[in-house]
Amino acid sequence: MDLAVEELAARTGVTVRNIRAYTTAGLLPPPRLRGRLGLYDDVHAQRLALIRELRAQGFGIEAIRRIFARAPASSWPDLVAVARSVSGSLFAEETPVVVSAKALAAKWKGQMTPALLARATKAGLMRELPNGQVQMLSPALGQVAEQLAALGLPLEDVIGMQETMARTLRTVARHWLRTLADSLLRGDAIDAERTAQLLERARPLATGAVQAAFPVILQQELDALLRKAA
């Protein structure tokens with residue numbers, strides 16, 4: 001099969017612009033040239049279908065390049081199937097709650113300014129919706145913030161604490177997931193069932209590790225702070 005780039009775009013549903021961008025990024029092999037005309041084949045169409053599916057599941061360009069470089073072509077469809085089955089539901093245990101921005105401001109007695117809301121959103125703790133509402137991604141974390149405020153901490157300090165926590169945990173999460181991904185891509189093929197089981201088991205292990213380690217580290221830091229104050 002020989003297709004011009006416009007025909008490939010019509011067949012795969014990927015725009016000509018994105019096809020050329022994926023080629024430049026190294027996700028697609030360059031087309032075969034016939035004079036000045038670039039021709040694409042079934043390999044390009046199949047890889048574009050995989051790229052489109054992986055992008056739909058939230059994979060970035062660098063992550064897809066890494067998959068193509070590390071995983072054999074025969075395992076790509078299995079990897080996409082696993083991504084489709086676990087994306088959006090594997091680790092997130094809470095159901096987000098939507099509240100109005102006015103209700104949120106009233107709850108915090110005027111402390112929730114647009115600037116603080118923007119900081120919480122940037123940290124990934126909340127999401128501003130276009131209709132003037134706010135999606136709290138972790139209602140339990142919101143309750144913790146309210147309890148800290150009840151102890152007398154200003155909301156700005158509470159959000160600062162949550163920003164630090166989010167940055168630290170994001171680093172931990174990236175390392176855990178990168179290690180898992182490296183393990184899954186190490187073999188000659190992707191075992192879809194084993195991959196799903198490993199990821200499912202990783203959820204309680206990851207959250208349990210954080211819950212177990214944080215009290216120990218918190219006590220160590222408190223002891224160090226007291227020694228400095230002595």
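Here's what I pulled together on the structure shown here. In this convention, every chain numbers its residues from 1, walking through the sequence in written order. Given that this is a predicted model, residues contribute local features only at a pLDDT of at least 70 and side-chain atom pairs are listed and counted only at 80 or more, while totals for whole chains, interfaces and linings are drawn from all residues. To get the side-chain values, take all heavy atoms of the structure and skip hydrogens and water.

### Observations concerning empty space enclosed by the protein
- Definitions used throughout: a 1 Å grid over protein atoms alone; a cavity as a set of points that fits a 1.4 Å probe which cannot get out; a pocket as an open set with protein on both sides within 12 Å along at least five of seven lines; a lining residue as one with an atom within 4 Å of a point. Grid points are joined across faces, edges and corners, and a volume is the space filled by probe spheres set on the points. Evaluation of the coordinates by the stated rule reveals one cavity of 30 Å³ or more.
- Roughly 150 Å³ of internal volume is contained in the largest cavity.
- The wall of the largest cavity is formed by 18 residues, among which Met 126, Met 136, Gly 142, Ala 145 and Gln 162 lie closest to the centre.
- Partitioned by chemical class, the residues of the lining of the largest cavity number 13 nonpolar, three polar and two charged. Any residue outside Ala, Val, Leu, Ile, Met, Phe, Trp, Tyr, Cys, Pro, Asp, Glu, Lys and Arg is labelled polar, Gly included; the first ten of those are nonpolar and the last four are charged.

### Examining the packing of helix H8 (residues 139–150) against helix H9 (residues 155–184)
- As a rule, the C-alpha atoms of each element are fitted with a line to give its axis, helices using only the stretch in contact, and angles between N-to-C directions run from 0 to 180 degrees. Starting at the N terminus, helices and strands are each numbered in turn, a helix being any DSSP run of H or I of at least four residues and a strand any DSSP run of E of at least two. Two elements in contact, H8 and H9, have axes separated by 10 Å at closest approach and are oriented at 140°. Between H8 and H9, the angle falls in the class oblique. Read as a crossing pair, H8 and H9 show a hand that is right-handed. Of the residues in H9, those in contact with Leu 141, Ala 145, Leu 148 and Ala 149 of H8 are Val 158, Met 161, Gln 162 and Met 165. Each angle is binned into one of four classes, with values under 35 degrees roughly parallel, values over 145 roughly antiparallel, values of 65 to 115 roughly perpendicular, and all other values oblique. Two helices cross in a left-handed way if the nearer one is turned anticlockwise from the farther one by less than a right angle. They cross in a right-handed way if the turn is clockwise. Contact criterion: two residues are considered in contact whenever any of their non-hydrogen atoms come within 4.5 Å of each other.

### Structural notes on the environment of Leu 129
- Among the structural elements, Leu 129 can be located in the loop between strand S4 (126–128) and strand S5 (133–136).
- Placed 28 residues apart in sequence, Leu 129 and Ala 101 show a C-alpha to C-alpha distance of 9.5 Å.
- With residues near it in sequence (within four places) discarded, Leu 129 still touches Val 98 and Gln 135.

Functional significance is not addressed by these values, which are geometric in nature.
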